[in-house]
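Chains, contacts and geometry: an overview
These are the residues of each chain, in order.
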Amino acid sequence: MIKQFSFLSHKRWLYGVLSLLFSLSIIVGNAQPTRAISWIELLIRGAQIYQLSSISDSQEVQLGKEINQELIKSRKAKIYRNGEITRYVNQIGQRLARTSNRPKIPYTFQVVDDKSVNAFATMGGYVYINTGLMKKAENEAELASVIGHEIGHIVGRHAIKQMRETAIAQGVLSAAGLDSSQAVQIGVELALNRPNSRGDELEADRFGLENIKKSGYAPSGMVSFMKKLLQQGNSTPAFLSTHPATSERIKLLEKNIDSRTANVGKGLDNRAYKNKIRSL
Ligand code: ZN
């Protein structure tokens, strides 16, 4: 009697577990069938996958490094090899990185051998400044203002957001994430050809100005450089050719600069700057 009872209750218990497992498997199975398949596929292929919506700092730095390698390998960005100039730009950049809102990731500042007045950032701390822009700047405060703006794009994780949007638009973003080779391809394309959105540009300006002030540079450099480029007229450089209009950006920056302290700070010695970059 006792035996039979225990057998029955055991059986009941077993049925319970089985039906629970069965209903669980339906829920799991229905929830994300494509996810399971694509994960397995990707694991078999041994690909590195980036989940862009929750990418970690170290993954972002790794992706920035891979994009950098591709930019150099494909000769889409020709790095200017001059120790003195590179050290100088890196010194300004590292100083600004420390006072930025994202000081904990490593930053890499490189000079691109290109006459056009341009600068860009990818992700994970990678910033590029053209030789043409360095020549156009009149002093260190102006150069620092551009570097500060580019760091602002990295602080705002703008390239990650753009990469995600582009991958969705191209239909290459799976539930598991984005394959590394596709991520690098999109990253290179974004760095060279895609303008940032209006909101991202204004945010980078805001972060940049805040940072310039914090690091002790004269805030006027940010406005004077933009004004100079605006006065140049028709040949607006690529990094300013996007919306919002340069005049609008200048107006917003001026609003956030106290005219009494605009010229207070370092970086306004034009002669010292020309001397620093004389080998360009
Ligand atoms: Zn920008």
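1. Concerning the packing of helix 7 (residues 158–169) against helix 8 (residues 180–193)
- The N-to-C vectors of helix 7 and helix 8 enclose an angle of 115°; their axes lie 10 Å apart at closest approach. When the interaxial angle is binned, helix 7 and helix 8 end up roughly perpendicular. Pair helix 7 / helix 8 crosses with right-handed handedness. Contact with helix 7, carried on its side by Ala159, Gln162, Met163, Thr166 and Ala167, involves Ala183, Ile186, Gly187 and Leu190 of helix 8 and no other residues of that element.

2. A short note on the coordination of the zinc ion
- Summarising the metal site, the zinc ion is bound by the protein donors His149 (NE2), His153 (NE2), Glu201 (OE) and Glu201 (OE), whose distances to it range over 2.1 to 2.7 Å.
- Classification of the site at the zinc ion rests on its four donor atoms, whose angles at the metal span 51 to 136°, yielding the label irregular.

3. Digging into helix 7
- Look at helix 7: 17 Å from first C-alpha to last across twelve residues, which is about the 16 Å you get at 1.5 Å a residue.
- Three or more residues of helix 7 are buried, namely His158, Ala159, Ile160, Gln162, Met163, Thr166 and Ala167.
- Those residues of helix 7 hidden inside the fold are in contact with helix 3 (57–73), helix 6 (140–155), strand 5 (178–179), helix 8 and helix 9 (198–215).
- Of the residues trailing helix 7, Gly171 is marked for its positive phi of about 70°.

4. Quick look at unusual backbone geometry
- Here Arg75, not a glycine, exhibits a phi torsion of approximately 60°, which is positive.
- Taking the relative accessible area as the measure of exposure, Arg75 reaches 63% and is therefore exposed.
- Phi angles above zero are rare outside glycine, and Arg157 is one such case at about 50°.
- Summarising the element assignment, Arg157 is placed in the loop between helix 6 and helix 7.
- A relative accessible area of 38% means that Arg157 is categorised as partly exposed.

5. Some words on the side chain of Arg102
- Relative to the helices and strands, Arg102 is located in the loop between helix 4 (83–99) and strand 2 (108–112).
- The exposure class of Arg102 is buried, given its relative accessible area of 6%.
- Leaving out residues up to four positions away in the same chain, Arg102 has contacts with Asp57, Glu60, Ala97, Tyr107, Ile154, Val155 and Arg157.

6. Brief notes about the environment of Ala141
- Here Ala141 shows up in helix 6.
- According to the relative accessible area criterion, Ala141 is buried, its value standing at 0%.
- For the pair Ala141 and Gly267, spaced 126 residues apart in sequence, the C-alpha separation works out to 4.3 Å.
- Not counting chain neighbours up to four residues away, the residues in contact with Ala141 comprise Tyr217, Ala218, Gly221, Lys266, Gly267 and Leu268.

7. Concerning the sheet that holds strand 4 (residues 126–130)
- Reading across from one edge, 2-4-3 is the order of the three strands in this open sheet, with mixed pairing throughout. One side of each edge strand has no neighbouring strand; the edge strands of this open sheet are strand 2 and strand 3 (119–121). With strand direction ignored, the average angle separating the axes of adjacent strands in the sheet is 15°.
- Inspection of the sheet shows strand 2 paired to strand 4 by five bridges, in the parallel sense. Note that in strand 4 the partner of Phe109 across the bridge is Val127.

8. Structural notes on helix 4
- Compared with an ideal rise of 1.5 Å per residue, which puts 17 residues at 24 Å, helix 4 spans 24 Å between its outermost C-alpha atoms and is within 8% of the ideal.
- For helix 4, the set of buried residues is Ile85, Tyr88, Val89, Ile92, Gly93, Leu96 and Ala97. Taken down its axis, helix 4 places every buried residue within 165° of arc, on the same side. Projecting away from the buried face of helix 4 at angles above 90 degrees are the exposed residues Arg87 and Arg98.
- The residue sitting at the N-terminus of helix 4 and contributing the capping side-chain oxygen is Asn82; that oxygen lies 3.0 Å from the backbone nitrogen of Glu84.

9. Describing the confidence of the model for the protein chain
- When pLDDT is averaged along the protein chain, the result is 85; 79% of the residues meet or exceed 70.
- When the criterion is pLDDT under 50, residues 1–9 qualifies, and its contacts beyond four places in sequence or with other chains add up to zero contacts.
- Overall, residues 20–35 carries pLDDT values under 50, and its contacts beyond four positions in sequence, including any with other chains, amount to two contacts.

About the criteria used
Residues numbered from 1 in each chain as written. Predicted model: local features only at pLDDT ≥ 70, side-chain atom pairs only at ≥ 80, totals over all residues. Heavy atoms only, no water. Axes fitted to C-alpha atoms, helices over the stretch in contact; angles between N-to-C directions. Helix = DSSP H or I, 4+ residues; strand = E, 2+ residues; numbered from the N terminus. Parallel < 35°, antiparallel > 145°, perpendicular 65-115°, else oblique. Left-handed = near helix turned anticlockwise from the far one by under 90°. Contact = heavy atoms within 4.5 Å. Donors = N, O, S within 2.8 Å, 3.2 Å for Na, K, Ca; no water. Tetrahedral: all angles 85-135°; square planar, octahedral: opposite > 155°, others 65-115°. Expected span 1.5 Å × (residues − 1). Buried < 20%, exposed > 50% of the residue type's maximum accessible area, 1.4 Å probe, protein only. Pairing = 2+ DSSP bridges. Arc of directions from axis to C-beta. Polar contact = N/O pair within 3.5 Å; in protein donor to acceptor, adjacent residues only side chain to side chain. pLDDT = per-residue confidence, 0-100.

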